[in-house]
There are 2 protein chains.
Amino acid sequence: MQIEPDLCRVEDALGILVGKWKPIILLHLLNKGTTRFNELKRIVPGVTQRMLTKQLRELEDEDIIVRVVYPQVPPKVEYSISEYGKSLEPILMAMHEWGAAHTLHKMQLTKKKD
Amino acid sequence: MQIEPDLCRVEDALGILVGKWKPIILLHLLNKGTTRFNELKRIVPGVTQRMLTKQLRELEDEDIIVRVVYPQVPPKVEYSISEYGKSLEPILMAMHEWGAAHTLHKMQLTKKKD
DNA sequence: CCGCATCCTACGGGATACTG
DNA sequence: CAGTATCCCGTAGGATGCGG
């Protein structure tokens, strides 16, 4: 296994996932499917409209999510995971499992600092 | 599956992996085992001493890598993956596989922008 | 050989207000 | 409802130099 090509690939995936609200957005879209903007805003805890829009745009630019605008008043915009985006699920799951398995270890670490 | 607890866990893993040089450092230590500071510096392309030290310290603080100092002149410091750190391998591998599988997709995206 | 101290910059993230 | 437009701040990352 060569190092440098691997680095690039790992960083590509990382680059897409990194962003304060991206994991929760993706997790929600993966679990619950198509979601409207305001519903996402309610679900993502404490996010501002500006930030939510920004994160969604970035994911859309990467072709991870799909944005559908219904030309009506009041506006309606729906977001969903793209086929491409679905391929990220194993990574998200690997992280989820890791986090679940190591919650204990983390608690032990914080304990040391007392 | 609940959303919010999952978020935390995903972000914990993400938090550890994020850092400009962390993936390549971890990949190297996972593949090649124990490595001296200067060797890492040669291997990680374009990293400065300050940044390499910083990233290594952060990984050490998270208990992902182990730092061994040999009290001699000139100094010798060796870094290796901890047992805990090894548990990150599935995540790194998931990202690697994803990146490898989607190199094509990425090339098609850049093509669109022409 | 390994690392710290200092100083600097760019950018991710945020608060707030306005609009089709 | 679903966004932009401004202004602001902290911190990750970097350049450079000294020191045990």
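Structure shown above.
Residues numbered from 1 in each chain as written. Chains lettered and ligands numbered in written order. Predicted model: local features only at pLDDT ≥ 70, side-chain atom pairs only at ≥ 80, totals over all residues. Heavy atoms only, no water.

### Concerning the overall build of chain A
To be explicit about the condition: A run of DSSP states H or I qualifies as a helix once it reaches four residues; a run of E qualifies as a strand once it reaches two. Both are numbered from the N-terminal end. Atoms counted for the radius of gyration: C-alpha only. Globule rule: 2.2 Å times the number of residues to the power 0.38. Only protein chains enter the calculation, and the probe is 1.4 Å; a residue is then buried if its accessible area is under 20% of its type maximum, exposed if over 50%, and partly exposed in between. In what follows, residue pairs with any heavy atoms lying within 4.5 Å of each other are defined as contacts. Accessibility throughout is a Shrake-Rupley quantity obtained with a 1.4 Å probe, and a residue counts as covered only by protein chains that appear here. Charge assignment: positive for Lys and Arg, negative for Asp and Glu; neither His nor the chain ends contribute. For charged residues, the charge sits on one atom: NZ in Lys, CZ in Arg, CG in Asp, CD in Glu.
When helices and strands are counted, chain A shows seven helices and three strands. Put simply, chain A runs from its N terminus to its C terminus through helices and strands in the order α-α-β-α-α-β-β-α-α-α. By the compact-globule yardstick of 13 Å for 114 residues, chain A is too spread out, its C-alpha radius of gyration being 17 Å. Considering only C-alpha atoms, chain A reaches an extent of 55 × 40 × 25 Å along its principal axes. Sorting the 114 residues of chain A into buried and exposed places 43% on the buried side. Within chain A, contacts between residues at least 6 apart in sequence are counted, and of these 50% link residues at least 24 apart. Accessible surface, chain A as shown: approximately 6400 Å² in total, 53% of it carbon and sulfur. Measuring between centres, the 17 positive side-chain charges of chain A sit 11 Å from its 15 negative side-chain charges.

### Concerning the protein's contact with DNA strand C
Selection criterion: Proximity criterion: a residue is near a molecule or strand once any of its heavy atoms comes within 4 Å of it. The definition of a polar contact used here is a pair of N or O atoms within 3.5 Å, where within protein one atom must be able to donate a hydrogen and the other to accept one, and adjacent residues in sequence count solely through side-chain atom pairs. When residues are grouped by polarity, Ala, Val, Leu, Ile, Met, Phe, Trp, Tyr, Cys and Pro land in nonpolar, Asp, Glu, Lys and Arg in charged, and all others, Gly among them, in polar.
Lining the immediate surroundings of DNA strand C are 21 residues, of which K20 of chain A together with F37, N38, Q49 and R67 of chain B lie closest. For DNA strand C, the backbone portion of the atoms within 4 Å of the protein, that is sugar and phosphate, comes to 62%. Y79 of chain B has a polar side-chain atom sitting 3.1 Å from a phosphate oxygen of DNA strand C. Those elements that place two or more of their residues in the surface near DNA strand C are helix 4 (49-61) of chain A together with helix 3 (37-43), helix 4 (49-61) and strand 3 (76-81) of chain B. For the surface near DNA strand C, the class distribution of residues is eight nonpolar, six polar and seven charged.

### Some thoughts on the sheet that holds strand 2 (residues 65-70) of chain A
Sheet strands pair by backbone hydrogen bonding; their relative direction is either parallel or antiparallel. Residues and elements named next belong to chain A. Our working rule: Paired strands, as defined in this entry, are two strands with at least two bridges between them according to DSSP. To obtain each axis, a line is fitted to C-alpha atoms, and for helices this fit is confined to the stretch in contact; angles are then taken between N-to-C directions over 0 to 180 degrees.
Pairing in this open sheet of three strands is antiparallel, and the strands run 1-3-2 from one edge to the other. One side of each edge strand has no neighbouring strand; the edge strands of this open sheet are strand 1 (35-36) and strand 2. Both strand 2 and strand 3 (residues 76-81) contribute to a ladder of six bridges, which runs antiparallel. Each bridged residue has a counterpart across the sheet, and for V68 the counterpart in strand 3 is E78. Helix 2 (residues 22-32) rests against strand 1, strand 2 and strand 3 of the sheet, and its axis sits at about 85 degrees to strand 3. Strands strand 2 and strand 3 of the sheet are contacted by helix 4, whose axis makes an angle of about 115 degrees with strand 2.

### Digging into the interface of chain B and chain A
Inclusion rule: Buried area: the accessible surface (1.4 Å probe) lost by two parts on joining, summed over both. Salt bridge, as applied in this entry: a Lys or Arg side-chain nitrogen positioned within 4 Å of an Asp or Glu carboxyl oxygen.
At the junction of the two partners, chain B supplies 41 residues and chain A supplies 42 residues. Together, the buried faces of chain B and chain A total about 4000 Å²; carbon and sulfur atoms form 73% of this surface. Connecting chain B to chain A are zero salt bridges. Taken together, chain B and chain A are joined by four residue pairs in polar contact (both at pLDDT 80 or more).

### Notes on the environment of Q72 of chain A
Residue and element names in this part refer to chain A. For Q72, the location among the structural elements is in the loop between strand 2 and strand 3. The exposure class assigned to Q72 is partly exposed, which follows from its relative accessible area of 43%. Q72 sits ten residues away from S82 along the chain, and the two C-alpha atoms are 24 Å apart.

### Structural notes on the relation of the copies chain B and chain A
Each of the two chain copies can be brought onto the other by rotation about an axis and movement along it. Note the cut-off: The copies were overlaid with a least-squares fit restricted to C-alpha atoms from residues scoring a pLDDT of at least 70 in each copy.
For the pair chain B and chain A, the superposition axis carries a translation of 0.0 Å, the fit reaches an RMSD of 0.1 Å, and the rotation angle comes to 180 degrees. Such a combination of turn and shift is consistent with a two-fold rotation axis. Of the C-alpha atoms belonging to chain B, the one lying closest to the rotation axis is found on I91 of chain B, 3.1 Å away.

### Focus: the pairing of strand 3 of chain A
All names here are of chain A. Of all six residues that make up strand 3, five are buried, and the element is covered over most of its length. Both strand 1 and strand 3 contribute to a ladder of two bridges, which runs antiparallel. Bridge pairing links R36 to E78 in strand 3. Count of turn residues in the strand 2/strand 3 antiparallel hairpin: five residues.

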